[in-house]
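# Observations on the model geometry
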Amino acid sequence: MATEEAALVRRCLRGEPEAIRSLVDRFQTEVFSLCVRLLSHRQDAEDVTQEVFLRIFRSLKRWDSARPLKPWIIGITVNRCRTWMSQRARRPELADYLQETVAAPETDDAPELLSEIHAALGRLRPEYREVFVLFHEQGQPYDIIAEAVGRPVGTVKTWLHRARMEVLERLRERGMVSKDEGVRGQGSGVRKQKSEVGGQKSEVREPNVHR
C-alpha cells in the first residue's frame, strides 16, 4: 500500500489528471463525511472539502512517503475545519443540520436521545469533539487519530475518555440516563444505544480508560 500510494503521489506531482482523480475518489467521501460532522453544516462541509483537496495538492511534495497517506490527509482536514470554525461568525443551528442528515431511528426515545448527544458534542472542546467523531463515527484507530491530530495515543485516549464523560453527563442532566438506570424507556443503558448518522452507526459507551 505504501508503495502504491507513493507511486500515486508521484503521478499527481507530475500533473497526471487520472492520478489526481484517483486520489480524490479514494479520499473524498471520508473527507466530506468528517467535515460534515465537525462543522455541522453541509454547505460549509462542501466548501471546506474543496479547500482540503486544494491544500493536499499544494502540499503533496512535502508528504513523507515513509508514512501512510491517510493520517496526513485526515490531519489536513481537521486543521482546515478548525480554521473554518474560528473564522465563521455565526454557527448554524444544530437542529437544522439534524433535519438534513439524521435518519429517523426506530424507537420513540431515540430521536430525543440522538438530539441530546449531538447537542453535547456541540459543547465539547474542539479537540475532544474531533477525537470523538474520528473514533466513534469515522471508525479510525487510535494510531491514525494520534497522527492526524499531532498528539500521542495516550493523549487521544484521555481526550476521548473526557468527551465520553461530558456526553454522558449531559445525558444525565437532561434526564435521559441515570447512574442506576439505562436510557429512558429502553432499560439497556447508554452503552447499547446506537444512532444512525449520515448512514453510519456510532455508539456511546461507558469508557474503560481512567483519568
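Since the structure is predicted, the reported quantities are computational estimates derived from the model, not experimental observations.

Quick notes on the rules
- Throughout this document, residue positions are counted from 1 along each chain, in the order its sequence is written.
- Predicted model: local features are reported for residues with pLDDT of at least 70 only, side-chain atom pairs are reported and counted for 80 or more only, and whole-chain, interface and lining totals are derived from all residues.
- With hydrogens and water excluded, all non-hydrogen atoms of the structure serve as input to the side-chain values.
- A run of DSSP states H or I qualifies as a helix once it reaches four residues; a run of E qualifies as a strand once it reaches two. Both are numbered from the N-terminal end.
- Contacts are assigned to residue pairs with any non-hydrogen atoms lying within 4.5 Å of each other.
- Accessibility throughout is a Shrake-Rupley quantity obtained with a 1.4 Å probe, and a residue counts as covered only by protein chains that appear here.
- Each residue is placed in one exposure class: buried if its accessible area under a 1.4 Å probe, protein chains only, is under 20% of its type's maximum, exposed if it is over 50%, and partly exposed if it falls in between.
- Here the nonpolar core consists of buried residues drawn from Ala, Val, Leu, Ile, Met, Phe, Trp, Tyr and Cys, with membership extended through side-chain atoms lying within 4.5 Å.
- Per residue, pLDDT captures the predictor's confidence, and it can take any value from 0 to 100.
- What makes a salt bridge here is a side-chain nitrogen of Lys or Arg within 4 Å of a carboxyl oxygen of Asp or Glu, nothing more.

## As for the overall build of the chain
In terms of regular secondary structure, the chain is built from 9 helices and 2 strands. Listing the helices and strands of the chain from first to last along the sequence gives α-α-α-α-α-α-α-α-α-β-β. When contacts within the chain are restricted to residue pairs at least 6 apart in sequence, those whose partners lie at least 24 apart make up 66%. For the chain, the accessible area works out to roughly 11600 Å², and carbon and sulfur atoms hold 45% of it.

## Examining the environment of R123
Here R123 is to be found in the loop between α6 (110-122) and α7 (126-137). Linking R123 and E166, residues 43 residues apart in sequence, is a C-alpha distance of 8.9 Å.

## Details of unusual backbone geometry
We note that S40 has phi near 60°; this positive angle belongs to a residue other than glycine. Structurally, S40 is set in the loop between α2 (17-39) and α3 (42-59). With relative accessibility at 9%, the residue S40 sits in the buried group.

## Re the nonpolar core
Generally speaking, a soluble globular protein has its nonpolar side chains buried in company with each other. Counting residues in each nonpolar core, the largest one holds 51 residues, and the members touching the most others are L23 and I56. For this core, the elements supplying multiple residues, two or more each, are α1 (2-13), α2, α3, α4 (69-87), α6, α7, α8 (142-149) and α9 (153-173). Among the elements that take part in this core, α2 stands out by supplying 10 residues, more than any other. Aside from chain neighbours lying at most four places away, what touches L23 is L8, C12, F53, I56, F57 and L69.

## Quick look at the confidence of the model for the chain
Looking at the chain as a whole, its pLDDT mean stands at 75, while 72% of the residues score no less than 70. Within the chain, α2 carries the highest mean pLDDT (93), whereas strand β1 (residues 194-197) carries the lowest (38). Low pLDDT (under 50) marks residues 89-108, which in the prediction has 25 contacts with non-local residues, meaning those over four places away or in another chain.

## Describing the pattern of salt bridges
One pass over the structure, following the stated rule, counts 9 salt bridges. Put simply, R67 and E147 hold a salt bridge, and the shortest N to O gap is 3.2 Å. Taken together, the residues span a long stretch of sequence, with R67 in the loop between α3 and α4 and E147 in helix α8 at a distance of 80 residues. Under the relative-accessibility criterion, R67 is labelled partly exposed at 45%. For E147, a relative accessible area of 29% puts it in the partly exposed group. A salt bridge links R82 to E130, with the nearest nitrogen and oxygen atoms 2.8 Å apart. One end of the pair, R82, is in helix α4; the other, E130, is in helix α7, with 48 residues separating them in the sequence. Three or more residues are tied together by salt bridges with common partners; here these are R11, R14 and E16.

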